[in-house]
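Single-letter residue listing:
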Amino acid sequence: MVACQGRVFANRIRVLSLRATNERLVGAKDLGWETMKSRTLFVAYSAIVLVTCCGGAHAQQATPQQQVIGAPPEASNMKLVGSNDLQARSAYQPTIHHQGDRWIAYIGHHGGTDAVPDPVNPMTGKAEPNGTSIVDVTDPAHPKYLHHIPGQEGKYESGGAQMVRVCDGKSLPKGDAAAVYMLRAVGSQGHEIWNVADPANPVLVTRIGEGLKDTHKNFWECDTGIAYLVSGAPDWRTRRMAQVYDLSDPAHPVKIRDFGLVGQEPGSTGAVPTEMHGMISTGPQGNRIYFGYGTDKGGIMQIVDRDKLLNGPKEPTPDNLRFPEISRMPMSAFNGAHTTFPMKDMPIAEFAKDKDGKTRDIVMIVDEAILNECGEPRQMVWFADVTTETRPMMISSFTVPEAGGQFCERGGRFGSHSSNESMAPVYYKKMAFIAFFNAGVRALDIRDPYHPKEVGYFIPSITAATDKRCVPVEGMDRCKVAIQTNNVETDDRGYIYIVDRANTGLHVLELTGPARRVAGLP
(Lines give C-alpha, C1' and ligand atoms only; values in the text may rest on other atoms or scores of the structure.)
Protein backbone atom coordinates (compact mmCIF):
# COMPACT_ATOMS: atom_id res chain seq x y z
CA MET A 1 0.00 0.00 0.00
CA VAL A 2 2.85 2.41 0.84
CA ALA A 3 4.46 1.63 -2.51
CA CYS A 4 1.16 2.27 -4.23
CA GLN A 5 0.74 5.65 -2.51
CA GLY A 6 4.27 6.56 -3.53
CA ARG A 7 3.48 5.81 -7.16
CA VAL A 8 0.29 7.90 -6.94
CA PHE A 9 2.28 10.79 -5.43
CA ALA A 10 4.93 10.57 -8.15
CA ASN A 11 2.30 10.61 -10.86
CA ARG A 12 0.51 13.54 -9.23
CA ILE A 13 3.77 15.52 -9.31
CA ARG A 14 4.18 14.59 -12.98
CA VAL A 15 0.65 15.70 -13.89
CA LEU A 16 0.93 18.88 -11.78
CA SER A 17 4.03 19.76 -13.75
CA LEU A 18 2.13 19.27 -17.00
CA ARG A 19 -0.73 21.34 -15.66
CA ALA A 20 1.57 24.21 -14.64
CA THR A 21 3.12 24.27 -18.10
CA ASN A 22 -0.35 24.28 -19.67
CA GLU A 23 -1.58 27.14 -17.47
CA ARG A 24 1.43 29.26 -18.36
CA LEU A 25 0.59 28.71 -22.03
CA VAL A 26 -3.07 29.64 -21.85
CA GLY A 27 -2.56 32.59 -19.49
CA ALA A 28 -3.77 33.43 -16.02
CA LYS A 29 -6.77 35.60 -16.84
CA ASP A 30 -8.89 33.02 -18.62
CA LEU A 31 -7.61 29.48 -18.16
CA GLY A 32 -10.62 28.02 -19.99
CA TRP A 33 -10.99 24.53 -21.41
CA GLU A 34 -7.34 23.60 -21.69
CA THR A 35 -6.74 24.22 -17.99
CA MET A 36 -9.87 22.30 -17.11
CA LYS A 37 -8.56 19.38 -19.17
CA SER A 38 -5.29 19.42 -17.28
CA ARG A 39 -7.10 19.49 -13.96
CA THR A 40 -9.39 16.71 -15.08
CA LEU A 41 -6.34 14.76 -16.20
CA PHE A 42 -4.74 15.26 -12.78
CA VAL A 43 -7.76 13.94 -10.89
CA ALA A 44 -8.49 11.19 -13.40
CA TYR A 45 -4.88 9.98 -13.69
CA SER A 46 -4.55 9.73 -9.92
CA ALA A 47 -7.85 7.84 -9.75
CA ILE A 48 -6.69 5.39 -12.40
CA VAL A 49 -3.47 4.70 -10.53
CA LEU A 50 -5.38 4.18 -7.28
CA VAL A 51 -7.80 1.79 -8.93
CA THR A 52 -5.05 -0.08 -10.79
CA CYS A 53 -2.50 -0.53 -8.03
CA CYS A 54 -4.49 -0.16 -4.82
CA GLY A 55 -7.78 -1.94 -5.64
CA GLY A 56 -10.18 -2.62 -2.79
CA ALA A 57 -12.00 0.45 -1.51
CA HIS A 58 -11.20 2.41 -4.67
CA ALA A 59 -12.71 -0.07 -7.12
CA GLN A 60 -15.87 2.06 -7.62
CA GLN A 61 -13.95 5.24 -8.53
CA ALA A 62 -15.49 6.88 -11.62
CA THR A 63 -13.64 6.60 -14.90
CA PRO A 64 -12.26 9.89 -16.27
CA GLN A 65 -15.09 10.56 -18.70
CA GLN A 66 -18.01 9.95 -16.29
CA GLN A 67 -19.59 12.57 -14.06
CA VAL A 68 -19.88 11.90 -10.33
CA ILE A 69 -22.27 13.33 -7.75
CA GLY A 70 -20.63 16.13 -5.83
CA ALA A 71 -18.21 17.12 -8.58
CA PRO A 72 -18.38 20.80 -9.59
CA PRO A 73 -19.85 21.85 -12.93
CA GLU A 74 -17.55 22.25 -15.92
CA ALA A 75 -17.59 25.80 -17.25
CA SER A 76 -15.88 28.46 -19.29
CA ASN A 77 -17.10 32.07 -19.43
CA MET A 78 -20.46 30.99 -17.98
CA LYS A 79 -21.53 30.55 -14.38
CA LEU A 80 -24.47 29.17 -12.44
CA VAL A 81 -26.84 31.73 -10.95
CA GLY A 82 -29.59 29.47 -9.59
CA SER A 83 -31.38 26.16 -10.10
CA ASN A 84 -34.56 24.22 -9.45
CA ASP A 85 -34.99 20.43 -9.55
CA LEU A 86 -38.37 20.63 -11.39
CA GLN A 87 -39.60 17.78 -9.21
CA ALA A 88 -37.10 15.49 -11.02
CA ARG A 89 -39.15 15.56 -14.25
CA SER A 90 -37.55 15.12 -17.68
CA ALA A 91 -37.67 18.55 -19.33
CA TYR A 92 -38.12 19.74 -22.91
CA GLN A 93 -39.05 23.33 -23.81
CA PRO A 94 -38.56 26.31 -21.44
CA THR A 95 -40.36 29.56 -22.30
CA ILE A 96 -39.50 32.64 -20.22
CA HIS A 97 -42.22 35.28 -20.01
CA HIS A 98 -42.07 38.80 -18.56
CA GLN A 99 -45.35 38.94 -16.70
CA GLY A 100 -46.05 42.27 -15.02
CA ASP A 101 -43.16 42.82 -12.64
CA ARG A 102 -42.31 39.12 -12.60
CA TRP A 103 -40.41 36.72 -14.83
CA ILE A 104 -42.06 33.30 -15.15
CA ALA A 105 -40.57 30.14 -16.69
CA TYR A 106 -43.05 27.74 -18.29
CA ILE A 107 -41.38 24.38 -18.87
CA GLY A 108 -42.73 21.46 -20.89
CA HIS A 109 -41.90 17.88 -19.91
CA HIS A 110 -41.53 14.49 -21.54
CA GLY A 111 -43.35 11.52 -20.03
CA GLY A 112 -42.10 9.65 -17.00
CA THR A 113 -39.55 6.84 -16.82
CA ASP A 114 -39.88 3.11 -16.32
CA ALA A 115 -38.66 3.53 -12.75
CA VAL A 116 -40.85 6.56 -11.97
CA PRO A 117 -43.73 6.86 -14.45
CA ASP A 118 -45.56 9.49 -12.38
CA PRO A 119 -43.32 11.52 -10.03
CA VAL A 120 -44.85 12.81 -6.81
CA ASN A 121 -45.68 16.49 -6.76
CA PRO A 122 -44.49 17.66 -3.31
CA MET A 123 -46.98 20.54 -3.43
CA THR A 124 -49.97 18.18 -3.63
CA GLY A 125 -48.51 14.94 -2.28
CA LYS A 126 -49.91 13.15 -5.33
CA ALA A 127 -48.23 11.18 -8.12
CA GLU A 128 -48.78 13.14 -11.33
CA PRO A 129 -47.86 12.36 -14.94
CA ASN A 130 -45.29 14.83 -16.24
CA GLY A 131 -46.84 17.95 -17.75
CA THR A 132 -45.92 21.62 -17.39
CA SER A 133 -43.88 23.22 -14.62
CA ILE A 134 -44.41 26.88 -13.76
CA VAL A 135 -41.47 28.54 -11.97
CA ASP A 136 -41.00 32.13 -10.80
CA VAL A 137 -37.50 33.22 -11.89
CA THR A 138 -37.84 36.89 -10.98
CA ASP A 139 -34.92 36.30 -8.63
CA PRO A 140 -32.82 34.01 -10.83
CA ALA A 141 -30.66 32.99 -7.89
CA HIS A 142 -33.70 31.54 -6.12
CA PRO A 143 -36.21 30.09 -8.63
CA LYS A 144 -39.53 29.34 -6.92
CA TYR A 145 -41.66 26.42 -8.11
CA LEU A 146 -45.28 27.62 -8.35
CA HIS A 147 -47.39 24.90 -9.97
CA HIS A 148 -47.39 21.68 -11.98
CA ILE A 149 -50.12 20.97 -14.54
CA PRO A 150 -50.23 17.21 -15.19
CA GLY A 151 -49.89 16.07 -18.78
CA GLN A 152 -50.64 12.91 -20.71
CA GLU A 153 -50.05 9.55 -19.07
CA GLY A 154 -47.16 7.73 -20.69
CA LYS A 155 -43.43 7.29 -20.59
CA TYR A 156 -40.66 9.18 -22.35
CA GLU A 157 -41.84 10.55 -25.74
CA SER A 158 -45.22 8.86 -25.33
CA GLY A 159 -46.41 11.07 -22.50
CA GLY A 160 -46.07 14.48 -20.94
CA ALA A 161 -46.65 17.91 -22.46
CA GLN A 162 -43.42 18.85 -24.19
CA MET A 163 -44.06 22.16 -25.93
CA VAL A 164 -45.18 25.45 -24.38
CA ARG A 165 -45.67 29.00 -25.73
CA VAL A 166 -47.06 32.07 -23.95
CA CYS A 167 -48.86 35.23 -25.19
CA ASP A 168 -50.35 38.14 -23.24
CA GLY A 169 -54.05 38.65 -23.82
CA LYS A 170 -53.42 42.36 -24.40
CA SER A 171 -51.09 41.47 -27.32
CA LEU A 172 -53.54 39.16 -29.08
CA PRO A 173 -56.08 40.88 -31.36
CA LYS A 174 -59.12 39.40 -29.60
CA GLY A 175 -57.70 38.22 -26.30
CA ASP A 176 -58.86 39.09 -22.81
CA ALA A 177 -56.54 41.96 -21.84
CA ALA A 178 -56.40 40.68 -18.26
CA ALA A 179 -55.37 37.17 -19.31
CA VAL A 180 -52.03 35.56 -20.01
CA TYR A 181 -52.42 32.56 -22.30
CA MET A 182 -50.26 29.46 -22.29
CA LEU A 183 -50.47 27.13 -25.30
CA ARG A 184 -49.15 23.64 -24.73
CA ALA A 185 -48.93 20.39 -26.69
CA VAL A 186 -50.18 17.30 -24.85
CA GLY A 187 -49.08 14.21 -26.78
CA SER A 188 -51.87 12.49 -28.67
CA GLN A 189 -54.44 14.35 -26.56
CA GLY A 190 -53.92 17.42 -28.75
CA HIS A 191 -53.28 21.01 -27.66
CA GLU A 192 -54.54 23.07 -24.74
CA ILE A 193 -54.77 26.76 -23.87
CA TRP A 194 -54.61 27.87 -20.23
CA ASN A 195 -55.03 31.25 -18.58
CA VAL A 196 -51.95 31.72 -16.42
CA ALA A 197 -52.55 35.32 -15.35
CA ASP A 198 -52.11 33.88 -11.86
CA PRO A 199 -49.30 31.44 -12.63
CA ALA A 200 -49.79 29.59 -9.36
CA ASN A 201 -53.43 28.88 -10.26
CA PRO A 202 -53.77 28.22 -14.01
CA VAL A 203 -57.24 27.79 -15.51
CA LEU A 204 -58.01 25.69 -18.61
CA VAL A 205 -59.51 27.77 -21.42
CA THR A 206 -59.98 25.27 -24.26
CA ARG A 207 -58.67 22.16 -26.00
CA ILE A 208 -57.74 21.87 -29.70
CA GLY A 209 -57.45 18.91 -32.05
CA GLU A 210 -57.97 15.98 -29.74
CA GLY A 211 -57.27 12.46 -31.01
CA LEU A 212 -54.03 13.22 -32.84
CA LYS A 213 -51.20 10.78 -33.51
CA ASP A 214 -48.67 13.11 -31.90
CA THR A 215 -47.74 16.74 -31.18
CA HIS A 216 -44.45 18.55 -30.88
CA LYS A 217 -42.67 21.89 -31.46
CA ASN A 218 -45.22 24.69 -32.03
CA PHE A 219 -44.94 28.39 -32.81
CA TRP A 220 -47.42 31.14 -31.84
CA GLU A 221 -47.42 34.69 -33.20
CA CYS A 222 -48.53 36.85 -30.27
CA ASP A 223 -49.26 39.93 -32.41
CA THR A 224 -51.56 38.14 -34.86
CA GLY A 225 -52.65 35.05 -32.91
CA ILE A 226 -51.73 32.69 -35.76
CA ALA A 227 -50.42 29.39 -34.38
CA TYR A 228 -48.57 26.66 -36.26
CA LEU A 229 -49.22 23.44 -34.35
CA VAL A 230 -47.11 20.36 -35.05
CA SER A 231 -49.70 17.61 -35.02
CA GLY A 232 -50.50 14.19 -36.38
CA ALA A 233 -53.88 14.42 -38.08
CA PRO A 234 -55.43 10.93 -38.13
CA ASP A 235 -55.93 10.87 -41.92
CA TRP A 236 -52.43 12.08 -42.81
CA ARG A 237 -49.67 9.58 -43.63
CA THR A 238 -47.11 10.95 -41.21
CA ARG A 239 -46.82 11.21 -37.43
CA ARG A 240 -46.08 14.95 -37.53
CA MET A 241 -47.31 17.69 -39.87
CA ALA A 242 -48.74 21.17 -39.23
CA GLN A 243 -52.20 22.36 -38.38
CA VAL A 244 -52.56 26.13 -38.69
CA TYR A 245 -55.02 27.89 -36.36
CA ASP A 246 -56.20 31.41 -35.72
CA LEU A 247 -55.88 31.76 -31.95
CA SER A 248 -56.36 35.52 -31.87
CA ASP A 249 -59.28 34.74 -29.56
CA PRO A 250 -57.88 31.81 -27.59
CA ALA A 251 -61.29 30.85 -26.24
CA HIS A 252 -62.58 30.29 -29.79
CA PRO A 253 -59.92 28.61 -31.98
CA VAL A 254 -60.49 28.72 -35.73
CA LYS A 255 -58.73 26.20 -37.93
CA ILE A 256 -57.16 27.58 -41.09
CA ARG A 257 -55.60 24.55 -42.76
CA ASP A 258 -53.38 21.46 -42.63
CA PHE A 259 -49.89 21.59 -44.14
CA GLY A 260 -46.94 19.33 -44.84
CA LEU A 261 -44.82 17.89 -47.64
CA VAL A 262 -46.33 16.39 -50.76
CA GLY A 263 -46.66 12.65 -50.16
CA GLN A 264 -47.78 13.07 -46.55
CA GLU A 265 -51.33 14.18 -47.36
CA PRO A 266 -54.38 11.89 -47.20
CA GLY A 267 -54.80 9.63 -50.21
CA SER A 268 -51.26 10.00 -51.52
CA THR A 269 -49.16 6.99 -52.44
CA GLY A 270 -45.50 6.09 -52.57
CA ALA A 271 -42.75 6.92 -50.10
CA VAL A 272 -43.72 9.19 -47.20
CA PRO A 273 -41.36 12.19 -46.76
CA THR A 274 -39.66 12.75 -43.42
CA GLU A 275 -41.91 14.15 -40.70
CA MET A 276 -42.07 17.77 -39.55
CA HIS A 277 -40.23 18.74 -36.39
CA GLY A 278 -40.99 22.43 -35.94
CA MET A 279 -41.08 25.90 -37.45
CA ILE A 280 -40.38 29.55 -36.73
CA SER A 281 -42.36 32.40 -38.30
CA THR A 282 -41.16 35.95 -38.95
CA GLY A 283 -44.78 37.16 -38.83
CA PRO A 284 -46.55 39.39 -41.34
CA GLN A 285 -43.61 41.81 -41.53
CA GLY A 286 -41.10 39.17 -42.64
CA ASN A 287 -43.76 37.07 -44.40
CA ARG A 288 -41.68 33.92 -44.08
CA ILE A 289 -41.96 30.68 -42.13
CA TYR A 290 -38.98 28.36 -41.83
CA PHE A 291 -40.02 24.73 -41.40
CA GLY A 292 -37.70 21.98 -40.23
CA TYR A 293 -38.22 18.33 -41.15
CA GLY A 294 -36.36 15.26 -40.00
CA THR A 295 -34.67 14.72 -36.67
CA ASP A 296 -31.29 13.07 -37.03
CA LYS A 297 -31.36 12.13 -40.71
CA GLY A 298 -32.72 13.16 -44.11
CA GLY A 299 -33.46 16.70 -42.97
CA ILE A 300 -35.17 19.44 -44.98
CA MET A 301 -35.26 23.18 -44.35
CA GLN A 302 -38.29 24.62 -46.14
CA ILE A 303 -38.94 28.34 -46.78
CA VAL A 304 -42.64 29.17 -47.01
CA ASP A 305 -44.48 32.36 -48.01
CA ARG A 306 -46.62 33.05 -44.95
CA ASP A 307 -49.32 35.02 -46.81
CA LYS A 308 -49.75 32.27 -49.39
CA LEU A 309 -49.91 29.63 -46.67
CA LEU A 310 -52.65 31.48 -44.79
CA ASN A 311 -54.65 32.86 -47.70
CA GLY A 312 -53.97 30.41 -50.53
CA PRO A 313 -56.05 27.32 -51.39
CA LYS A 314 -56.50 25.13 -48.32
CA GLU A 315 -57.38 21.64 -49.61
CA PRO A 316 -54.29 19.45 -49.07
CA THR A 317 -53.70 18.53 -52.70
CA PRO A 318 -50.17 18.28 -54.10
CA ASP A 319 -50.55 21.59 -55.98
CA ASN A 320 -51.94 23.41 -52.95
CA LEU A 321 -49.17 22.12 -50.70
CA ARG A 322 -46.55 23.31 -53.19
CA PHE A 323 -48.18 26.72 -53.69
CA PRO A 324 -46.72 28.56 -50.64
CA GLU A 325 -43.28 26.97 -50.87
CA ILE A 326 -40.49 29.30 -51.99
CA SER A 327 -37.73 26.72 -51.78
CA ARG A 328 -36.39 23.85 -49.77
CA MET A 329 -32.88 22.78 -48.89
CA PRO A 330 -32.38 19.02 -48.55
CA MET A 331 -29.78 18.09 -45.97
CA SER A 332 -27.49 15.10 -45.73
CA ALA A 333 -28.90 11.67 -45.02
CA PHE A 334 -26.83 11.95 -41.83
CA ASN A 335 -28.55 15.04 -40.41
CA GLY A 336 -31.98 16.44 -39.59
CA ALA A 337 -33.54 19.85 -38.92
CA HIS A 338 -34.82 20.15 -35.35
CA THR A 339 -34.64 23.95 -35.08
CA THR A 340 -34.69 26.44 -37.98
CA PHE A 341 -33.86 29.86 -36.52
CA PRO A 342 -33.96 32.85 -38.93
CA MET A 343 -31.65 35.85 -38.63
CA LYS A 344 -32.48 38.19 -41.50
CA ASP A 345 -30.45 41.24 -42.54
CA MET A 346 -27.36 40.26 -40.59
CA PRO A 347 -24.55 42.78 -41.10
CA ILE A 348 -21.32 40.95 -41.97
CA ALA A 349 -18.27 42.99 -40.97
CA GLU A 350 -16.04 41.17 -43.46
CA PHE A 351 -18.34 42.28 -46.31
CA ALA A 352 -18.75 45.90 -45.15
CA LYS A 353 -16.74 47.34 -48.09
CA ASP A 354 -18.33 45.12 -50.74
CA LYS A 355 -20.68 46.76 -53.22
CA ASP A 356 -23.35 44.09 -52.68
CA GLY A 357 -24.12 41.58 -49.96
CA LYS A 358 -23.12 43.67 -46.94
CA THR A 359 -25.99 42.06 -45.08
CA ARG A 360 -27.16 38.47 -45.42
CA ASP A 361 -30.23 36.46 -44.47
CA ILE A 362 -29.12 33.52 -42.36
CA VAL A 363 -30.94 30.48 -40.97
CA MET A 364 -29.32 28.51 -38.18
CA ILE A 365 -30.29 24.84 -38.40
CA VAL A 366 -29.80 22.58 -35.39
CA ASP A 367 -29.90 18.78 -35.66
CA GLU A 368 -31.02 16.47 -32.85
CA ALA A 369 -28.86 13.64 -31.54
CA ILE A 370 -30.99 10.58 -30.82
CA LEU A 371 -28.81 7.62 -29.87
CA ASN A 372 -26.69 7.22 -26.76
CA GLU A 373 -22.89 7.04 -26.78
CA CYS A 374 -22.42 8.28 -30.35
CA GLY A 375 -24.40 5.46 -31.97
CA GLU A 376 -25.15 7.59 -35.05
CA PRO A 377 -23.54 10.27 -37.24
CA ARG A 378 -22.65 13.46 -35.36
CA GLN A 379 -25.54 15.89 -35.04
CA MET A 380 -24.39 19.48 -35.38
CA VAL A 381 -25.27 23.15 -35.93
CA TRP A 382 -25.40 24.45 -39.49
CA PHE A 383 -25.64 27.97 -40.91
CA ALA A 384 -27.41 28.52 -44.25
CA ASP A 385 -27.27 31.69 -46.32
CA VAL A 386 -30.79 32.21 -47.69
CA THR A 387 -30.26 35.71 -49.08
CA THR A 388 -31.10 34.25 -52.48
CA GLU A 389 -34.15 32.39 -51.25
CA THR A 390 -34.54 30.11 -54.20
CA ARG A 391 -30.97 28.86 -53.78
CA PRO A 392 -30.16 28.50 -50.08
CA MET A 393 -26.70 27.18 -49.34
CA MET A 394 -24.78 25.94 -46.32
CA ILE A 395 -21.93 28.24 -45.33
CA SER A 396 -20.58 26.84 -42.03
CA SER A 397 -21.09 24.41 -39.19
CA PHE A 398 -20.23 23.90 -35.55
CA THR A 399 -19.77 20.92 -33.28
CA VAL A 400 -18.21 20.38 -29.88
CA PRO A 401 -14.89 18.52 -30.21
CA GLU A 402 -15.52 15.06 -28.78
CA ALA A 403 -11.97 14.65 -27.47
CA GLY A 404 -12.35 17.80 -25.37
CA GLY A 405 -14.46 15.89 -22.88
CA GLN A 406 -14.49 12.26 -24.00
CA PHE A 407 -18.19 12.80 -24.62
CA CYS A 408 -18.82 9.55 -26.52
CA GLU A 409 -17.85 7.64 -23.37
CA ARG A 410 -19.64 9.78 -20.78
CA GLY A 411 -23.03 8.21 -21.28
CA GLY A 412 -26.27 9.38 -22.84
CA ARG A 413 -26.55 11.46 -25.98
CA PHE A 414 -23.74 13.65 -27.35
CA GLY A 415 -24.55 16.09 -30.11
CA SER A 416 -26.74 19.10 -30.73
CA HIS A 417 -30.44 19.32 -30.00
CA SER A 418 -31.81 22.86 -29.99
CA SER A 419 -31.00 26.55 -29.77
CA ASN A 420 -32.50 29.44 -27.87
CA GLU A 421 -35.33 31.01 -29.89
CA SER A 422 -35.70 34.45 -28.31
CA MET A 423 -35.21 37.32 -30.75
CA ALA A 424 -34.68 39.89 -28.00
CA PRO A 425 -31.89 42.35 -28.86
CA VAL A 426 -29.69 41.23 -25.98
CA TYR A 427 -28.38 38.26 -27.98
CA TYR A 428 -30.13 38.20 -31.37
CA LYS A 429 -27.67 38.07 -34.29
CA LYS A 430 -24.78 38.22 -31.83
CA MET A 431 -24.82 35.02 -29.81
CA ALA A 432 -26.55 31.66 -29.94
CA PHE A 433 -26.85 29.07 -27.20
CA ILE A 434 -26.94 25.41 -28.21
CA ALA A 435 -28.09 22.51 -26.03
CA PHE A 436 -25.57 19.71 -26.58
CA PHE A 437 -26.82 16.95 -24.24
CA ASN A 438 -23.88 15.57 -22.20
CA ALA A 439 -21.71 18.50 -23.37
CA GLY A 440 -24.11 20.92 -21.68
CA VAL A 441 -24.89 24.27 -23.28
CA ARG A 442 -22.45 25.94 -25.69
CA ALA A 443 -22.28 29.72 -26.23
CA LEU A 444 -21.46 30.70 -29.83
CA ASP A 445 -20.31 34.02 -31.22
CA ILE A 446 -22.32 34.18 -34.45
CA ARG A 447 -21.62 37.78 -35.52
CA ASP A 448 -19.79 36.24 -38.46
CA PRO A 449 -22.01 33.26 -39.29
CA TYR A 450 -19.48 32.12 -41.88
CA HIS A 451 -17.08 31.48 -38.98
CA PRO A 452 -19.05 30.78 -35.77
CA LYS A 453 -16.88 30.21 -32.73
CA GLU A 454 -17.47 28.93 -29.24
CA VAL A 455 -16.85 31.49 -26.49
CA GLY A 456 -18.23 29.65 -23.47
CA TYR A 457 -19.94 26.56 -22.14
CA PHE A 458 -21.55 25.14 -19.01
CA ILE A 459 -22.03 21.47 -18.12
CA PRO A 460 -24.08 21.14 -14.92
CA SER A 461 -23.23 18.76 -12.13
CA ILE A 462 -25.27 15.59 -11.90
CA THR A 463 -27.39 14.92 -8.82
CA ALA A 464 -28.95 11.92 -7.13
CA ALA A 465 -32.01 12.52 -9.37
CA THR A 466 -30.09 12.34 -12.67
CA ASP A 467 -31.38 9.33 -14.58
CA LYS A 468 -29.19 6.72 -16.23
CA ARG A 469 -28.86 6.17 -19.96
CA CYS A 470 -28.18 2.71 -21.37
CA VAL A 471 -26.84 1.02 -24.49
CA PRO A 472 -27.01 -2.72 -25.30
CA VAL A 473 -23.66 -4.47 -25.10
CA GLU A 474 -23.45 -8.21 -25.73
CA GLY A 475 -27.09 -8.76 -24.87
CA MET A 476 -27.05 -6.67 -21.68
CA ASP A 477 -27.60 -3.01 -20.87
CA ARG A 478 -24.58 -0.89 -20.03
CA CYS A 479 -25.82 2.18 -18.19
CA LYS A 480 -24.15 5.47 -17.32
CA VAL A 481 -25.28 8.67 -15.64
CA ALA A 482 -24.55 11.99 -17.34
CA ILE A 483 -26.08 15.41 -17.84
CA GLN A 484 -28.48 15.60 -20.80
CA THR A 485 -29.00 19.32 -21.45
CA ASN A 486 -32.02 19.20 -23.74
CA ASN A 487 -33.29 22.72 -24.45
CA VAL A 488 -32.23 26.28 -23.82
CA GLU A 489 -33.82 29.73 -23.78
CA THR A 490 -32.82 33.27 -22.83
CA ASP A 491 -34.65 36.28 -21.43
CA ASP A 492 -34.42 40.01 -22.15
CA ARG A 493 -32.25 40.46 -19.05
CA GLY A 494 -29.54 38.23 -20.50
CA TYR A 495 -30.01 35.14 -18.34
CA ILE A 496 -29.71 31.72 -19.98
CA TYR A 497 -32.03 28.88 -18.95
CA ILE A 498 -31.18 25.24 -19.62
CA VAL A 499 -33.26 22.18 -18.76
CA ASP A 500 -32.20 18.56 -18.47
CA ARG A 501 -33.70 15.52 -20.16
CA ALA A 502 -32.36 13.18 -17.47
CA ASN A 503 -34.35 14.70 -14.58
CA THR A 504 -31.64 17.09 -13.29
CA GLY A 505 -33.88 20.15 -13.47
CA LEU A 506 -33.48 23.80 -14.47
CA HIS A 507 -30.23 25.78 -14.36
CA VAL A 508 -30.14 29.57 -14.68
CA LEU A 509 -26.83 30.86 -16.05
CA GLU A 510 -25.09 34.08 -16.95
CA LEU A 511 -22.12 34.93 -19.13
CA THR A 512 -18.78 35.99 -17.72
CA GLY A 513 -15.49 37.28 -19.12
CA PRO A 514 -14.95 37.49 -22.89
CA ALA A 515 -18.32 35.88 -23.70
CA ARG A 516 -20.09 38.68 -21.87
CA ARG A 517 -18.21 41.25 -23.92
CA VAL A 518 -19.26 39.54 -27.18
CA ALA A 519 -22.88 40.20 -26.23
CA GLY A 520 -22.10 43.79 -25.24
CA LEU A 521 -23.18 43.21 -21.64
CA PRO A 522 -21.70 45.31 -18.83
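These figures come from a predicted structure and were not determined experimentally.

### Thoughts on the overall build of the chain
Then, number 1: Along the backbone of the chain there are seven helices and 34 strands.
Then, number 2: Considering the chain as a whole, with its 522 residues, one finds that 57% of them fall into the buried category.
Then, number 3: Residue pairs at least 24 apart in sequence account for 58% of intrachain contacts in the chain once pairs closer than 6 positions are excluded.
Then, number 4: Looking at the chain as shown, the accessible area adds up to about 21200 Å², and 54% of this sits on carbon and sulfur atoms.

### With respect to the sheet that holds strand 20 (residues 300-305)
Then, number 1: Reading across from one edge, 18-19-20-21 is the order of the four strands in this open sheet, with antiparallel pairing throughout. This sheet does not close on itself; its edge strands, each paired only once, are strand 18 (276-281) and strand 21 (325-330). Each adjacent strand pair in this sheet contributes to an overall mean axis angle of 15°, direction not counted.
Then, number 2: Pairing of strand 20 with strand 21, which is carried by five bridges, proceeds in the antiparallel orientation. When the bridges of strand 21 are listed, M301 appears paired with M329.

### What to know about unusual backbone geometry
Then, number 1: Positive phi is not limited to glycine here, since Q406 has a value of about 50°.
Then, number 2: Structurally, Q406 is set in the loop between strand 25 (393-398) and helix 6 (407-410).
Then, number 3: The partly exposed category is assigned to Q406, whose relative accessible area is 34%.
Then, number 4: Of note in this structure, E474 is not a glycine but carries a positive phi near 50°.
Then, number 5: Within the secondary structure, E474 is located in the loop between strand 30 (468-473) and strand 31 (476-481).
Then, number 6: With relative accessibility at 80%, the residue E474 sits in the exposed group.

### Focus: the state of the cysteines
A covalent bond between the sulfur atoms of two cysteines is referred to as a disulfide.
Then, number 1: Within the structure shown, the criterion is met by three disulfides.
Then, number 2: The residue that forms a disulfide with C167 is C222, at a sulfur-sulfur distance of 2.0 Å. In this structure the cystine formed by C167 and C222 twists about its S-S bond by roughly -85°; its chirality is therefore left-handed. One end of the pair, C167, is in strand 10 (residues 164-168); the other, C222, is in the loop between strand 14 (219-220) and strand 15 (226-231), and 55 residues separate them in sequence.
Then, number 3: Judged by its relative accessible area of 0%, C167 is buried.
Then, number 4: According to the relative accessible area criterion, C222 is partly exposed, its value standing at 25%.
Then, number 5: The partner cysteine of C374 in its disulfide is C408, sulfur to sulfur 2.0 Å. Torsion about the S-S bond of the C374 and C408 cystine: about -90°, corresponding to left-handed handedness. Remark: C408 occurs in helix 6 and C374 occurs in the loop between strand 23 (359-366) and strand 24 (381-385); sequence separation between them is 34 residues.
Then, number 6: Residue classification places C408 among the buried residues on the basis of a relative accessible area of 16%.

### A short note on the packing of aromatic side chains
Then, number 1: According to the stated counting rule, one finds eight aromatic pairs in the structure shown.
Then, number 2: Judged by centre distance (5.8 Å) and plane angle (85°), the rings of F341 and Y428 are edge-to-face. Here F341 is found in strand 22 (residues 339-347), whereas its partner Y428 is found in the loop between strand 26 (414-419) and strand 27 (431-437), with 87 residues between them in sequence.
Then, number 3: Here F341 falls in the buried class, since its relative accessible area comes to 4%.

### Topic: the sheet that holds strand 11 (residues 180-185)
Strands pair in a sheet through their backbones, by hydrogen bonds, and they do so in one of two ways: parallel or antiparallel.
Then, number 1: Strand order in the open sheet formed by four strands is 10-11-12-13, and the pairing between neighbours is antiparallel. Since the sheet does not close on itself, it has two edges, and those belong to strand 10 and strand 13 (203-208), each with one partner. In this sheet, adjacent strand axes meet at a mean angle of 20° when their direction is disregarded.
Then, number 2: Pairing analysis gives five bridges linking strand 11 to strand 12 (residues 191-195), with the strands arranged antiparallel. Its bridge partner being in strand 12, Y181 is matched across the sheet by N195.

### Some thoughts on the nonpolar core
Then, number 1: The biggest cluster of nonpolar side chains holds 49 residues, and the ones touching the most others in it are Y228, M279, F291, M343 and M364.
Then, number 2: Apart from residues lying up to four places away in sequence, M364 is in contact with T339, T340, F341, M343, V381, W382, F383, S419, A432 and I434.
Then, number 3: Membership of the second largest hydrophobic core comes to 20 residues, among which are M78, Y427, A435 and I496.

### Concerning the pairing of strand 11
Then, number 1: Across the six residues of strand 11, six count as buried, placing the element largely inside the fold.
Then, number 2: Strand direction decides the pairing type here: strand 10 and strand 11, joined by five bridges, are antiparallel. In the sheet register, V166 faces strand 11, and the bridge partner there is M182.

### A closer look at the environment of P452
Then, number 1: When you line up the elements, P452 lands in the loop between strand 28 (441-445) and strand 29 (453-459).
Then, number 2: Taking the relative accessible area as the measure of exposure, P452 reaches 14% and is therefore buried.
Then, number 3: When the C-alpha positions of P452 and S397 are compared, they lie 7.5 Å apart, and in sequence the two are 55 residues distant.

About the thresholds
Residues numbered from 1 in each chain as written. Predicted model: local features only at pLDDT ≥ 70, side-chain atom pairs only at ≥ 80, totals over all residues. Heavy atoms only, no water. Helix = DSSP H or I, 4+ residues; strand = E, 2+ residues; numbered from the N terminus. Buried < 20%, exposed > 50% of the residue type's maximum accessible area, 1.4 Å probe, protein only. Contact = heavy atoms within 4.5 Å. Areas by Shrake-Rupley, 256 points an atom, 1.4 Å probe, with all protein chains shown as cover. Pairing = 2+ DSSP bridges. Axes fitted to C-alpha atoms, helices over the stretch in contact; angles between N-to-C directions. Disulfide = S-S within 2.5 Å. Phe/Tyr/Trp six-rings, centres within 6.5 Å; stacked < 30°, edge-to-face > 60°. Core = buried A, V, L, I, M, F, W, Y, C linked by side-chain atoms within 4.5 Å.

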